[in-house]
Amino acid sequence: TGCKVKDESGNVYTVIVKGDTDSTGKVDSTDYLQIKQQFLGEYELEDVHFIASDVDEDGKSSENDYLNLKEYFLGKSNLYK
């Protein structure tokens, strides 16, 4: 999350990995914790990290995103369908 890529035409895009709030390129327990802290008001995700935290793509980072990530970690859902 946050990396820039350029296509053959010179267009630049920012990569956002759904659920990756710490820019490691993978979804792990740190992301899970940051999303939880975000909706509890203990931590503020900004820019691409906020967008990555919105795993249900409803325009906000909330407890639903946290629960969706929890289901992903438990193997009960797929974030990337």
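Our subject in this report is the structure included herewith.

With that out of the way, let us pick up the environment of Thr30. Assignment of secondary structure puts Thr30 in helix 1 (residues 29-40). As a C-alpha pair, Thr30 and Lys18 span 12 residues in sequence and 14 Å in three-dimensional space.

Bringing the packing of aromatic side chains into the picture now. Applying the stated criterion across every chain yields a total of 5 aromatic pairs. Measuring from ring centre to ring centre gives 6.1 Å for Tyr72 and Tyr80, while their planes differ by 90°; the resulting arrangement is edge-to-face. By way of ring pairs, the aromatic residues Tyr32, Phe39, Tyr66, Tyr72, Phe73 and Tyr80 are connected into one cluster.

Helix length check: helix 1, at 12 residues, gives a terminal C-alpha distance of 17 Å against a target of 16 Å (1.5 Å per residue), a fit within 8%. Taken residue by residue, helix 1 has Asp31, Gln34, Ile35 and Gln38 as its buried positions. End-on view of helix 1: buried residues confined to an arc of 100°, all on one side of the axis. Buried-residue contacts for helix 1 involve helix 2 (47-53) and helix 3 (63-73). For helix 1, the capping residue at the N-terminal end is Asp28, with a side-chain oxygen 3.1 Å from the backbone nitrogen of Thr30.

About the thresholds
Residues numbered from 1 in each chain as written. Predicted model: local features only at pLDDT ≥ 70, side-chain atom pairs only at ≥ 80, totals over all residues. Heavy atoms only, no water. Helix = DSSP H or I, 4+ residues; strand = E, 2+ residues; numbered from the N terminus. Phe/Tyr/Trp six-rings, centres within 6.5 Å; stacked < 30°, edge-to-face > 60°. Expected span 1.5 Å × (residues − 1). Buried < 20%, exposed > 50% of the residue type's maximum accessible area, 1.4 Å probe, protein only. Arc of directions from axis to C-beta. Contact = heavy atoms within 4.5 Å. Polar contact = N/O pair within 3.5 Å; in protein donor to acceptor, adjacent residues only side chain to side chain.

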